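# Geometric and topological summary
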Amino acid sequence: MVIKLSAIEKPKVVDAIIGAITEQLMQGKLRKGDKLPPEAQLAQQLSVSRNSVREALKVMEAFGVLEVRQGDGTYIASEVTETCLNPLAIALVMQTEAPMSLVEFRLVLEVGVAELVIMKASEEDLQHLKNMTSEFAALVKEGERDPGVLVEHDLAFHYQLLALAQNPMMEKVVRTVMQLLVFSMREHLSEPEGAPRAVRDHTRIVEALAKRDILLARRRIAESYEAWKTRVRLPS
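What you see as residue numbers is a count from 1 along each chain, following the sequence as written. Owing to the predicted nature of the model, reporting of local features is limited to residues with pLDDT of at least 70; listing and counting of side-chain atom pairs is limited to 80 or more, with chain, interface and lining totals taken over all residues. Remark: hydrogens and water are excluded; side-chain values derive from all non-hydrogen atoms of the structure.

Here we come to the overall build of the chain. Secondary structure follows DSSP: runs of H or I at least 4 residues long count as helices, runs of E at least 2 residues long count as strands, and numbering of each begins at the N terminus. Looking only at helices and strands, the chain features 12 helices and two strands. Type-normalised accessible area, obtained with a 1.4 Å probe on protein chains alone, sets the label of each residue: buried when under 20%, exposed when over 50%, and partly exposed for intermediate values. The buried share among the 236 residues of the chain stands at 45%. Contact between two residues is taken to exist if any of their heavy atoms lie within 4.5 Å; hydrogens are not considered. Across the chain, contacts joining residues at least 24 apart in sequence account for 74% of those joining residues at least 6 apart.

What follows is the structure in structure tokens.
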């Protein structure tokens, strides 16, 4: 397959390379399973260094857009998720130098979600949240250490909050942000104190929501970020 890409003259070279490849995907010029040209060829077409190309490809691989087949080359992933091709996700992925901006963005969004939950959730809804937190706590107490399982339960809690907020637009945005942060969530939950800390944070947040106390909920959400945010980075 012959792929024609224009030379890049932007200062943020890695971001521009990601954008160039992503544009080919969005336009349908690259499809699932397509093989990318070798790094040297991409670098020549884009008028950039091979190191920049390599870094850009590593970022896209980490987010599931590309897959590297040892001894064969780099391919568009056979299962490229909707999140990967979401324009918002693409824009956020390209902010490779500002992971803390993404953390702050998530914090503001989650406080907004909490406000809506306090306004809209029924007592039964909040009890269900408590039950989810208890199930997560029991799982951790039993010694579950599989990062995949822990992330699944962590995400389920946050997605349930989104459902209770009953705002489809906010749900779309927050889900996109959460998916981009799964890499860091997995790293955090893999640590010895990661999962117990997550259980504690979820419990405190639910207690604040049950009291319909938005100020307390804001504080609990902010506190839950303290340990996690120091480990946040976009994959590279």
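So much for the structure itself; the text now carries on.
Grouped burial of nonpolar side chains is what soluble globular proteins tend to show. Within this scheme, the nonpolar core is defined by two criteria: the residues are buried Ala, Val, Leu, Ile, Met, Phe, Trp, Tyr or Cys, and they are joined through side-chain atoms within 4.5 Å. Formed by 43 residues in total, the largest nonpolar core has its most connected members in Val 113, Val 117, Leu 129, Leu 155, Leu 161 and Leu 209. For Val 117, the residues in contact, after removing those within four places along its chain, are Leu 126, Leu 161, Leu 164, Ala 165, Leu 209 and Arg 212. Residues Val 14, Leu 42, Ala 43 and Val 53 belong to the second largest nonpolar core, which totals 20 residues.

With that settled, the discussion passes to the packing of helix H11 (residues 194-210) against helix H12 (residues 214-229). Helix axes use the C-alpha atoms of the stretch in contact, all axes being lines fitted to C-alpha atoms, and the angles between their N-to-C directions lie in the range 0 to 180 degrees. Direction vectors running N to C along H11 and H12 enclose 170°, while the axes themselves pass 8 Å from each other. With respect to H12, the element H11 is oriented roughly antiparallel. On H12, the residues that touch Arg 197, Asp 201, Arg 204, Ile 205, Ala 208 and Leu 209 of H11 are Leu 216, Ala 217, Arg 220, Ile 221, Glu 223, Ser 224 and Ala 227. Each residue is assigned to one class: nonpolar for Ala, Val, Leu, Ile, Met, Phe, Trp, Tyr, Cys and Pro, charged for Asp, Glu, Lys and Arg, and polar for all the others, Gly among them. By residue class, the composition of the contact of H11 with H12 is seven nonpolar, one polar and five charged. Orientation labels follow simple angle bins: below 35 degrees gives roughly parallel, above 145 gives roughly antiparallel, 65 to 115 gives roughly perpendicular, and whatever is left gives oblique.

Any Phe, Tyr or Trp ring, taking Trp's six-membered ring, that has another such ring centre within 6.5 Å forms a pair; planes under 30 degrees apart are called stacked, those over 60 apart edge-to-face, and the others tilted. Considering all chains together, one arrives at zero aromatic pairs under this definition. Each ring is checked for a lysine NZ or an arginine CZ that lies within 6 Å of its centre and within 35 degrees of its normal; such an atom marks a charge sitting over the ring. Here the basic side chain of Arg 69 rests over the ring of Tyr 75, its NZ or CZ set 3.7 Å away from the ring centre. One residue, Arg 175, lies across the ring of Tyr 159, its end atom 3.9 Å from the ring centre.

Right, let's get into the packing of helix H2 (residues 39-46) against helix H3 (residues 50-62). Packing of H2 against H3 brings their axes to within 9 Å, and their N-to-C directions diverge by 110°. Relative to H3, the element H2 lies roughly perpendicular. Crossing handedness for the pair H2 and H3: right-handed. Facing Glu 39, Ala 40, Leu 42 and Ala 43 of H2, the residues of H3 in contact are Arg 50, Val 53, Arg 54 and Leu 57. In this scheme the handedness of a crossing depends on how the near helix is turned from the far one: anticlockwise by less than a right angle means left-handed, clockwise means right-handed.

Within the secondary structure layout, Ser 224 lies in helix H12. Side-chain polar atoms of Ser 224 contact the backbone oxygen of Ile 221, separated by 2.6 Å. Leaving out residues up to four positions away in the same chain, Ser 224 has contacts with Asp 201 and Ile 205. Here a polar contact means two N or O atoms within 3.5 Å. Within protein one must be a hydrogen donor candidate and the other an acceptor candidate, and residues neighboring in sequence count only if both atoms are side-chain atoms.

Mean pLDDT for the chain: 85, with 82% of residues reaching 70 or above. Ranking the elements of the chain by mean pLDDT puts helix H4 (residues 82-85) last, at 56, and helix H7 (residues 123-141) first, at 97. The pLDDT score gives, residue by residue, the confidence of the prediction method on a 0 to 100 scale.

The next point concerns the environment of Trp 228. With respect to the secondary-structure elements, Trp 228 resides in helix H12. Separated by 30 residues in sequence, Trp 228 and Ala 198 have C-alpha atoms that sit 9.3 Å apart.

Those residues of helix H10 (residues 182-190) that fall on the buried side of the exposure criterion are Val 182, Ser 184, Met 185, His 188 and Leu 189. Looking straight down H10, one finds that the buried residues subtend no more than 160° of arc, so they occupy a single side. Buried residues along H10 sit against helix H8 (147-165), helix H9 (168-180), H11 and H12. This arc corresponds to the set of directions leading from the helix axis out to the C-beta atoms.

Positionally, His 158 belongs in helix H8. For His 158, a relative accessible area of 10% puts it in the buried group. Not counting the four nearest positions on each side in its chain, His 158 is found in contact with Arg 106, Glu 110, Met 178 and His 202.

This part is about unusual backbone geometry. Excluding glycine, residues mostly have negative phi values, and the peptide bonds linking residues are mostly trans. If you check the backbone angles, Gln 166 has positive phi at about 55° while not being a glycine. The topology assignment puts Gln 166 in the loop between H8 and H9. The backbone of Arg 212 shows a phi angle near 55°, a positive value even though the residue is not glycine. Inspection of the secondary structure puts Arg 212 in the loop between H11 and H12.

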